[in-house]
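# Structure at a glance
Residue strings, one per chain:
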Amino acid sequence: MKVPLLSCLALTDFYLPVIASQISCTEDAFTKYLSSSGHKSAVVVQTSRIAKGGIFNVPASDIAYPQSPTDLPELCVVQINVTSSIESAYSFGLFLPVEWNERFLAVGNGGFAGGINWADMGVGSRYGFASMSTDTGHNSIPTDGEWAYNAPEKVIDWGYRALHGSIVLAKELTEAYYSKQLKYSYYSGCSTGGRQGLREVELYPDDFDGVIAGAPAWWTSHLQPWTVKVGSYNVPGSGQIPTSMFSVIGAEVIKQCDHQDGFVDNIVTDPQHCDLKIEALLCRGSNTTNCLTPAQLDTLRLIYSDYVDANQTFVFPHLLPGSESQWDVLVNNGTANPLGTDYVKYFLGLGAQWTQDQFDYSTVQLSDKLNPGNATASDYDISPFQRKGGKLLMYHGMADGFIPTDSSLYFYNHITEALASSGAELEDFYRFFYIPGMQHCAGTPDNVHAPWYFAGPNQGPSLSSSVYSVPGYQDPKHDILLALMDWVEKGVAPEYIIGTTWNNDTTQDEVYRQRPLCFYPQRAVYSGKGDANKAESWECRVV
């Protein structure tokens, strides 16, 4: 399938602005509504108005998502706090734009973070959505899990309850504010946000018409223990690979694997099928720099190998070749990232005294037994979501060094198996995209410069506080959220999404490269004709 040049629907083709509102944008008005509608556990934290082109100043106490969204449309800001149990409560923020597209968008979180994601809410509001984010019931940075210790109700909020409860009440407030029913509801999240979206699909299939789940941290009970395991590979000693070698290893991967798609451009399109010979990195003769010793090669083999434990039990897939630019986060110097150790200490309840060297397979077994917060998204039969007409777009960057890319393929395959007996065709409602050269949720290594931007969750704020959609390409061919809307509302399924990167991604000055991102099992292959930096020179094929 060759990628054509098409004139696509514009961003504004999806809505006619509706002028708000029926409830005034005041604390008193929202308080009266909550009281009259029986929401005794909910209280208004704040309300305010933002003028067109204005900024919402994120409170300094919101440490997880400190970026303040700018260049906002005229809107009403509401923050609500809800008591979820005797021991727990959560908050959510809601942006209600004056020019409303009659749709609702919830955005996700990251890691163990507790905080309202005002930045991604700002992105949603610029499209015209009533947009919402929850703090998941606590306040912390993404790598801090200490709040979870002996706090099962807070962990449940983080796992699923805060998001669902926020969605239900935020939708109700939206409809009351505009005195009009929602036409459609959407979700967009990456990493933990991707997990949240998949858990919504599984537990509450009626919450959303369409869901975007990027790089989902869906297998919590195994991902977090794997994070400890991979952090133990590169311990000090003869086999330790210095962090300065990570880029050298990455360059060798590109050298050996780049050509698979028919064009040499520093982008590895199919690392799973590259016959990578790591022995090319072996120090030989008098050469002892920018190379690896036999012991270091053994460490590299561990990093590129699935985590398999007692009785050959598969625990978690490995990091892909091409992910080396982010190894300093998890592989590093043999000290596991807190996303692993804090999970064991505080979510599994082993306490602050637990140390990384105590990790063994029993930790994985305990994690499976407890499944803290019922967070793991492993209820693979998502046929209720399919039957109600829901659409799911999932993607994962192939240079992701935080969450192994093929954990998403593992999820996809299990969905396939679960729905096989029903005869459901996955591509009719669920499509999974590999993103060659993209790191975790956003970005690309400097030496790769892959077309990674397609207006996915977290991507706009990673460029600036005011970006939304794809600058210069606000249409369903380039923008994954518009593609999802096109699929849900018009029945037009995305055959591909065009990724974009600029000479300077921060300023989006001039397009450097665009390429189709194909849904699995297709991959983008150079046609052999035309400018390889233009999308129309590539084809999506099963290879």
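Cut-off values and rules
Residues numbered from 1 in each chain as written. Predicted model: local features only at pLDDT ≥ 70, side-chain atom pairs only at ≥ 80, totals over all residues. Heavy atoms only, no water. Phe/Tyr/Trp six-rings, centres within 6.5 Å; stacked < 30°, edge-to-face > 60°. Helix = DSSP H or I, 4+ residues; strand = E, 2+ residues; numbered from the N terminus. Lys NZ or Arg CZ within 6 Å of the ring centre and 35° of its normal. Domains from an automatic or database assignment. Contact = heavy atoms within 4.5 Å. Buried area = accessible area lost by both parts, 1.4 Å probe. Salt bridge = Lys/Arg side-chain N within 4 Å of Asp/Glu carboxyl O. Polar contact = N/O pair within 3.5 Å; in protein donor to acceptor, adjacent residues only side chain to side chain. Nonpolar A, V, L, I, M, F, W, Y, C, P; charged D, E, K, R; others polar. Buried < 20%, exposed > 50% of the residue type's maximum accessible area, 1.4 Å probe, protein only.

### Remarks on the packing of aromatic side chains
Throughout the structure, instances matching the rule amount to 45 aromatic pairs. For the pair Trp-219 and Tyr-410, a centre-to-centre distance of 4.8 Å together with 15 degrees between the ring planes defines the contact as stacked. A residue pair is termed long-range when its members are at least 10 positions apart, and Trp-219 in the loop between β9 (210-214) and α5 (220-231) and Tyr-410 in helix α12 (residues 406-419) qualify at 191 residues. Taking the ring centre of Trp-158 as reference, the NZ or CZ of Arg-195 above it sits at 4.5 Å.

### Here we look at the domain arrangement of the protein
For the protein, the assigned domains read domain 1 (223-373) and domain 2 (393-542). Taking the mean C-alpha position of each, domain 1 and domain 2 sit 25 Å from one another. Facing 28 residues of domain 1, the contacting portion of domain 2 comprises 29 residues. Where domain 1 abuts domain 2, roughly 2,300 Å² becomes buried across the two surfaces, and 62% of that area is made up of carbon and sulfur atoms. For the domain 1 face of the interface with domain 2, the top three residues by lost area are Ile-267, Thr-269 and Gln-326, together amounting to 24%. The interface formed by domain 1 and domain 2 holds two salt bridges in total. Arg-523 is the salt-bridge partner of Asp-270, the closest N and O atoms lying 3.2 Å from each other. Linking domain 1 with domain 2 are nine residue pairs in polar contact (both at pLDDT 80 or more). Among the secondary structure elements, those contributing two or more residues to the side of domain 1 that touches domain 2 are α5, β11 (313-316) and α8 (327-330). Residues that form the side of domain 1 that touches domain 2 fall into these classes: 15 nonpolar, 10 polar and three charged.

### Some points on the pattern of salt bridges
A complete count under the given rule lists 16 salt bridges for this structure. With a closest N to O distance of 3.2 Å, Asp-28 and Lys-32 form a salt bridge. Here Asp-28 and its partner Lys-32 are both found in helix α1 (residues 27-36), four residues apart, which amounts to about one turn of the helix. On the basis of relative accessible area, Asp-28 is assigned to the partly exposed category, the value being 46%. Lys-32 sits in the exposed class, given a relative accessible area of 55%.

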